[in-house]
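Next come the chains, spelled out residue by residue.
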Amino acid sequence: MTEPQYLSKSAFAARIGRAPSYITWLKNNNRLVLSADGKQVDVQASEALIRDTADPSKAAVAERHQQDRIQRDVYGQLSTSVEPTCTAAPPPANTPAGQLPDFQKARALREHNLAQLAEIELHKAKGSLVALPAVKLGAYNAGRLLRDQLFGMPPQLAPELAVMTDPWEIEKHLTAALRRTLEDAERLSSADLEHALNTS
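Because the structure is a prediction, the values reported are computed rather than measured.

Caption draft 1: Representation of the overall build of the chain within the structure. Along the chain, the regular secondary structure elements total 8 helices and 2 strands. Counting the 200 residues in the chain, one finds 17% classified as buried. In the chain, the proportion of contacts linking residues at least 24 apart, taken out of those at least 6 apart, comes to 61%. Carbon and sulfur atoms provide 59% of the accessible area of the chain, an area that totals close to 14,900 Å².

Caption draft 2: Here's a closer look at the side chain of S35. Positionally, S35 belongs in the loop between α2 (20-28) and β2 (40-42). With relative accessibility at 12%, the residue S35 sits in the buried group. Ignoring any residue separated from it by four or fewer positions in sequence, one finds S35 in contact with Y6 and Q40.

Caption draft 3: Local environment of the pattern of salt bridges. Going through the model one piece at a time under the given rule, you end up with 4 salt bridges. Linking R15 and E47 is a salt bridge whose minimum nitrogen-to-oxygen distance equals 2.6 Å. One end of the pair, R15, is in helix α1 (residues 9-16); the other, E47, is in helix α3 (residues 43-52), with 32 residues separating them in the sequence. Note that D148 and R147 form a salt bridge whose closest N and O atoms lie 3.0 Å from each other.

Caption draft 4: Spatial organisation of the confidence of the model for the chain. The share of residues in the chain with pLDDT of 70 or more is 74%, and the mean pLDDT across the chain is 77. Model confidence for the chain, summarised as mean pLDDT per element, is weakest for helix α4 (residues 59-75) at 63 and strongest for β2 at 90. Contacts for the low-pLDDT stretch residues 78-90, under 50 throughout, to residues beyond four places or in other chains number 13 contacts.

Caption draft 5: Representation of the nonpolar core within the structure. The biggest cluster of nonpolar side chains holds 11 residues, and these are L7, F12, A13, I16, Y22, I23, L26, L32, V41, V43 and I50. When contributions to this core are tallied by element, the ones reaching two or more residues are α1, α2 and α3. Once residues lying within four places of it in the same chain are set aside, the contact partners of I23 are K9, F12, A13, I16 and L32.

Caption draft 6: Focus on the packing of aromatic side chains. Under the criterion given, the structure shown has 1 aromatic pair. Between Y22 and W25, the ring centres sit 5.9 Å apart and the planes meet at 15°, which makes this aromatic pair stacked. With Y22 and W25 both in helix α2, this residue pair falls 3 residues apart, about one helical turn. Under the relative-accessibility criterion, Y22 is labelled buried at 18%. Residue classification places W25 among the partly exposed positions, given a relative accessible area of 41%.

Caption draft 7: Examining a nonpolar patch on the surface more closely. A cluster of nonpolar residues, L114, L117, I120 and L129, forms a patch on the protein surface that exposes about 320 Å² of accessible area. For L117, the position within the fold is in helix α5 (residues 103-126). Here L117 falls in the exposed class, since its relative accessible area comes to 51%.

Caption draft 8: How the structure looks around the packing of α1 against α2. Relative to each other, α1 and α2 sit at 105°, their axes nearing to 8 Å. Classified by the interaxial angle, the pair formed by α1 and α2 is roughly perpendicular. The residues of α2 that touch α1, namely those facing K9, F12, A13 and I16, are P20, Y22, I23 and K27. Here the residues of the contact of α1 with α2 sort into 6 nonpolar, no polar and 2 charged.

Rules of the game
- Note that residues are indexed from 1 along each chain, following the sequence as it is written.
- Local features are withheld for residues below a pLDDT of 70 in this predicted model, meaning they are given only at 70 or higher, and side-chain atom pairs are given and counted only at 80 or more; totals for whole chains, interfaces and linings count all residues.
- As a rule here, side-chain values come from all non-hydrogen atoms in the structure, and water together with hydrogens is ignored.
- Secondary structure is summarised from DSSP: a helix means a run of H or I of at least four residues, a strand means a run of E of at least two, and numbering begins at the N terminus for each.
- Think of it in three bands: residues with accessible area under 20% of the maximum for their type are buried, residues over 50% are exposed, and the middle band is partly exposed, with areas taken using a 1.4 Å probe on protein chains only.
- Only heavy atoms matter for contacts: two residues are in contact if any of them lie within 4.5 Å across the pair.
- Accessibility throughout is a Shrake-Rupley quantity obtained with a 1.4 Å probe, and a residue counts as covered only by protein chains that appear here.
- The working definition used for a salt bridge is a side-chain nitrogen of Lys or Arg within 4 Å of a carboxyl oxygen of Asp or Glu.
- pLDDT expresses how confident the predictor is about each individual residue, on a scale running from 0 to 100.
- Residues enter a nonpolar core if they are buried and are Ala, Val, Leu, Ile, Met, Phe, Trp, Tyr or Cys, with the set joined through side-chain atoms within 4.5 Å.
- We call Phe, Tyr and Trp rings a pair once their centres come within 6.5 Å, taking the six-membered ring for Trp, and we label the pair stacked below 30 degrees between planes, edge-to-face above 60, and tilted otherwise.
- By definition, no residue in a patch forms a salt bridge, and every one has over 30% relative accessible area; like charges are joined within 9 Å, nonpolar side chains (Val, Leu, Ile, Met, Phe, Trp, Tyr) within 5 Å.
- The angle between two axes is taken between their N-to-C directions and runs from 0 to 180 degrees, where each axis is a line fitted to C-alpha atoms and a helix contributes only its stretch in contact.
- Put simply, angles under 35 degrees are roughly parallel, angles over 145 are roughly antiparallel, angles from 65 to 115 are roughly perpendicular, and the rest are oblique.
- Gly falls in the polar group here, along with every residue not listed as nonpolar (Ala, Val, Leu, Ile, Met, Phe, Trp, Tyr, Cys, Pro) or charged (Asp, Glu, Lys, Arg).

See below:
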């Protein structure tokens, strides 16, 4: 069965499952393509124009209304002798090369990106998201500080360990020195990281 090129306004309304008043609204808002005499609707061009100028924020509402119409018109009056009317929207048309980008797709992409930015800002405000350069700088500074402090231990400990003869005393002295060094490194690293995050 071939698709009709032109339909009357009432037939087009029935085709897309809408009231005739909706067709009038489409015409008044330049979302309907009419024949040269203005009495019939160009089916393919009008469906494409309606689809391309649809507001993406109302997609969920449109889908719910579409399901209600299918329930009412198809399942409510299902008959094997009557072929059901196709009320689904036509598939998206490919944009020809050289044509301007689709405004609705661009608008939907913009809204999606703005929502992602808002989510990022929310996580930053909660403190669950931080700037990567600040974390890298803080981690580098913490590693460098720990290395410097560990390499600074041998010159300090050598004279003290040289006079000790008891292995248990040497071990206890080394453990205490390492604990002090690591605690100092942790305290200084935390302060350095907090400073890096607050100045980023």
